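Each chain, written out:
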Amino acid sequence: MKIDNNDTLLFIGDSITDAGRDHMDGKNLGQGFPLLIASYLQTHFPEKRLTILNRGVGGDRLSDVKSRWEEDCLIINPDIVTLLIGINDTWSNVEADKKVTDSELVEFESNYRFLLKSLHQRTDARVVLMEPYVLPFPKDRVDWRADLDPRIQIVRKMARDYQTELIPLDGLMNAEGIRNGFSYYTGDDGVHPTVAGHGLIAQSWIENVVKKRTY
């Protein structure tokens, strides 16, 4: 994916993207992978004069992102959009002891398609989709797979249908967790990245989007 001079890069999603950003400061990038990516890009490509924005909101489900898509994405008219969303749709079902239904998955796909279709119609943005993920620590996170796996398949379908970049975070995070310990990347809840987890997400983005492997 080509990154041009003066491009605006937008990262949007839930708490994984939010990473403690100051919502009162539109330029604040938080303390997670968007900050690490911005650091890399601005260090290696100072001549490009990139604008990098974080619009992650902790606790958001896909429907929440849809409700703020106009204000937090389309009006900005970004050149590159990175979207990571879906784990809270699963998490809310787990907390409610609710099994995902076919109709819910149809709605999930419809909402996801709305985001990408409107982006395609209203902007010339290049798109990076990241899979939602969960690691099996604590052990009960294994039970989340029945809800999360079909959502991951929908994200992959959207990447194919809209010809976007796809970063397979679920596989990548789990593979590194097997190698080095799951809690090393997501602490004690299987979802929220540690410093190492954010570093792995940033590295994956850089390798897929910038095609450099020096981070």
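Further up the page is the structure itself.
Residues numbered from 1 in each chain as written. Predicted model: local features only at pLDDT ≥ 70, side-chain atom pairs only at ≥ 80, totals over all residues. Heavy atoms only, no water.

Draft legend 1. Quick look at the pattern of salt bridges. Applying the stated criterion across every chain, the model contains 18 salt bridges. In this structure, Glu104 and Arg151 form a salt bridge, with 2.9 Å as the shortest nitrogen-oxygen distance. Of this pair, Glu104 sits in helix H6 (residues 102–122) while Arg151 sits in helix H7 (residues 145–162), and the two are 47 residues apart along the sequence. Each member of the pair, Glu104 together with Arg151, is buried. One salt bridge in this structure joins Glu131 and Arg156, with 2.7 Å as the shortest N-O distance. A residue pair is termed long-range when its members are at least 10 positions apart, and Glu131 in the loop between strand S4 (126–130) and H7 and Arg156 in helix H7 qualify at 25 residues. (Salt bridge = Lys/Arg side-chain N within 4 Å of Asp/Glu carboxyl O. Helix = DSSP H or I, 4+ residues; strand = E, 2+ residues; numbered from the N terminus. Buried < 20%, exposed > 50% of the residue type's maximum accessible area, 1.4 Å probe, protein only.)

Draft legend 2. Up close: helix H5 (residues 87–95). Every buried residue belonging to H5 is among Ile87, Asn88, Asp89, Thr90, Trp91 and Asn93, and all of these are buried. Packing partners of the buried residues in H5 comprise helix H1 (15–18), helix H3 (62–67), H6 and H7. Just past H5, the residue Asp97 takes up positive phi, approximately 55°. (Contact = heavy atoms within 4.5 Å.)

Draft legend 3. The packing of H5 against H7, seen in detail. Axis separation between H5 and H7 bottoms out at 9 Å; the angle between their running directions is 155°. One element, H5, and the other, H7, form an angle in the roughly antiparallel class. As for how H5 packs across H7, the hand of that crossing is right-handed. On H7, the residues that touch Ile87, Asp89, Thr90 and Asn93 of H5 are Asp147, Leu148 and Arg151. Residue composition of the contact of H5 with H7, grouped by class: two nonpolar, two polar and three charged. (Axes fitted to C-alpha atoms, helices over the stretch in contact; angles between N-to-C directions. Parallel < 35°, antiparallel > 145°, perpendicular 65-115°, else oblique. Left-handed = near helix turned anticlockwise from the far one by under 90°. Nonpolar A, V, L, I, M, F, W, Y, C, P; charged D, E, K, R; others polar.)

Draft legend 4. Representation of the nonpolar core within the structure. Grouped together as the largest cluster of nonpolar side chains are 37 residues, with contacts concentrated most on Phe33, Leu41, Trp205 and Val210. Those elements that place two or more of their residues in this core are strand S1 (8–13), helix H2 (33–44), strand S3 (80–84), H5, S4, H7, helix H8 (169–180) and helix H10 (195–210). Tallying contributions element by element places H10 first for this core, with seven residues. Of all hydrophobic cores here, the second largest spans 24 residues; its members include Leu62, Val81, Ile85 and Leu119. (Core = buried A, V, L, I, M, F, W, Y, C linked by side-chain atoms within 4.5 Å.)

Draft legend 5. Layout of the pairing of S1. Judged by how many residues are buried, S1 sits mostly within the fold: six of six residues are covered. Covered by surrounding structure in S1 are Thr8, Leu10 and Ile12 together with Leu9, Phe11 and Gly13, the residues of both alternating faces. Relative to strand S2 (residues 51–56), S1 is paired through six bridges, and the arrangement is parallel. The residue of S2 that forms the bridge with Leu10 is Leu53. With five bridges connecting them, S1 and S3 associate as parallel partners. Across the sheet, Gly13 pairs through a bridge with Leu84, a residue of S3. (Pairing = 2+ DSSP bridges.)

Draft legend 6. Region of the structure containing the sheet that holds S4. Spatially, S2-S1-S3-S4-S5 is the arrangement adopted by the five strands of the open sheet, whose pairing is parallel. Each edge of the sheet is formed by a strand with only one pairing partner; in this case those strands are S2 and strand S5 (165–167). Here the strands of the sheet are splayed against their neighbours by 15° on average, with no regard to which way each runs. As defined by bridge partners, S3 adjoins S4 across five bridges and the pair is classed as parallel.

Draft legend 7. Highlighting the side chain of Lys48. Inspection of the secondary structure assignment puts Lys48 in the loop between H2 and S2. Despite its burial, Lys48 remains without a salt bridge, the nearest opposite charge being carried by Glu47 at 4.9 Å. If sequence neighbours within four positions are ignored, Lys48 has contacts with Ile3, Asp4, Asn5 and Asn6. (Lys, Arg positive; Asp, Glu negative; His and termini not counted.)

Draft legend 8. Spatial organisation of the packing of aromatic side chains. Considering all chains together, one arrives at five aromatic pairs under this definition. One aromatic cluster in this structure is built from Phe11, Phe33 and Trp205. The ring of Phe108 is capped by Arg151, whose NZ or CZ atom sits 5.0 Å from the centre of that ring. (Phe/Tyr/Trp six-rings, centres within 6.5 Å; stacked < 30°, edge-to-face > 60°. Lys NZ or Arg CZ within 6 Å of the ring centre and 35° of its normal.)

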